[in-house]
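Survey of secondary and tertiary structure
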Amino acid sequence: VVALSDHQVKFILSRPNFAFLSNLATSHAVILSAEYGHQLAQQDSKEKLDLYPVGSGPFALEEYQINDLVRLRRHEHYWRGPVKMEQVVFDISQRGTGTLAKLLRNECDVLSSPISSQIPVIEKHPNMVLTATPAMNVAFIAINTSHLALQDVRVRQALNLAINRQNILDSVYYGTGTLAYTLLPPSSWAYQKDSVKIRFDRNYALALLREAGYESGLTLSMWVPSEPSAYN
């Protein structure tokens, strides 16, 4: 990385990387103060890099209450000039219907990542604007092939055929999702829609299980997250 000026740097890559710009735009690629980092390392207080961040952005941290809120105040000496808003408050105290209730009561101005069941309510409200864009997400079930039954391709095919994807789209995503054709979402530059779409066929799935020797059924355990999130 070469410093061209006080406000510009140049990245020189060792090899071509098509994902460099998109990776640079993620929160994981944040650039921190080296001087502040060295100071905290000398004080054996590296955890303060997360709790008390120092940066050059338009806002500065004023207050952080764990599992409650993050309050940012306007950075008066921001290099591009002070921003219009005096403060920004992130309410992280709760999920579920409580967040939508705060929006309806005008206790907040923006609701980020509403849960799917809230979307119809937001769409019908005359004073709300819903902004949505396809996410880089694909929901899938990962199969543990060290399990004896799942080593049989017929059992895996039966599981595939037994999933009613349209029911999941309607009941879980409330019509906001689309059927997946590959592991890559449509917004990916490498997305290629397969000509064959996996269908829901319960009878064919049962026939495959019988053929695999599981006429009386098969018991499997499934691990699922206990809390919903924006990416799941």
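The paragraphs below set out a description of the structure included in this document. (Residues numbered from 1 in each chain as written. Predicted model: local features only at pLDDT ≥ 70, side-chain atom pairs only at ≥ 80, totals over all residues. Heavy atoms only, no water.)

One pass over the structure, following the stated rule, counts 7 salt bridges. Glu76 is the partner of Arg74 in a salt bridge, and the nearest nitrogen-oxygen pair spans 3.2 Å. Using a relative accessible area of 45% as the deciding quantity, one classes Glu76 as partly exposed. For Asp201, the salt bridge goes to Arg199, with nearest N and O atoms at 3.4 Å. With relative accessibility at 21%, the residue Asp201 sits in the partly exposed group. Taken together, the shared-partner salt bridges in this structure form one network comprising Asp152, Arg154 and Glu211. (Salt bridge = Lys/Arg side-chain N within 4 Å of Asp/Glu carboxyl O. Buried < 20%, exposed > 50% of the residue type's maximum accessible area, 1.4 Å probe, protein only.)

If you trace the 3 strands from one edge of the open sheet to the other, you get 3-4-5, paired in antiparallel fashion. Edge strands, defined here as strands with exactly one partner in the open sheet, are strand 3 (59-65) and strand 5 (87-91). This sheet shows a mean twist of 15° between the axes of neighbouring strands, independent of strand direction. Strand direction decides the pairing type here: strand 4 (residues 69-74) and strand 5, joined by 5 bridges, are antiparallel. (Pairing = 2+ DSSP bridges. Helix = DSSP H or I, 4+ residues; strand = E, 2+ residues; numbered from the N terminus. Axes fitted to C-alpha atoms, helices over the stretch in contact; angles between N-to-C directions.)

Here we come to unusual backbone geometry. Look at Asp44: it is not a glycine, yet its phi comes out positive at around 55°. Along the polypeptide, Asp44 turns up in the loop between helix 2 (34-42) and helix 3 (48-51). You will see that Asn67, though not glycine, has its phi angle at about 60°, which is positive. By the secondary structure assignment, Asn67 is in the loop between strand 3 and strand 4. With relative accessibility at 61%, the residue Asn67 sits in the exposed group.

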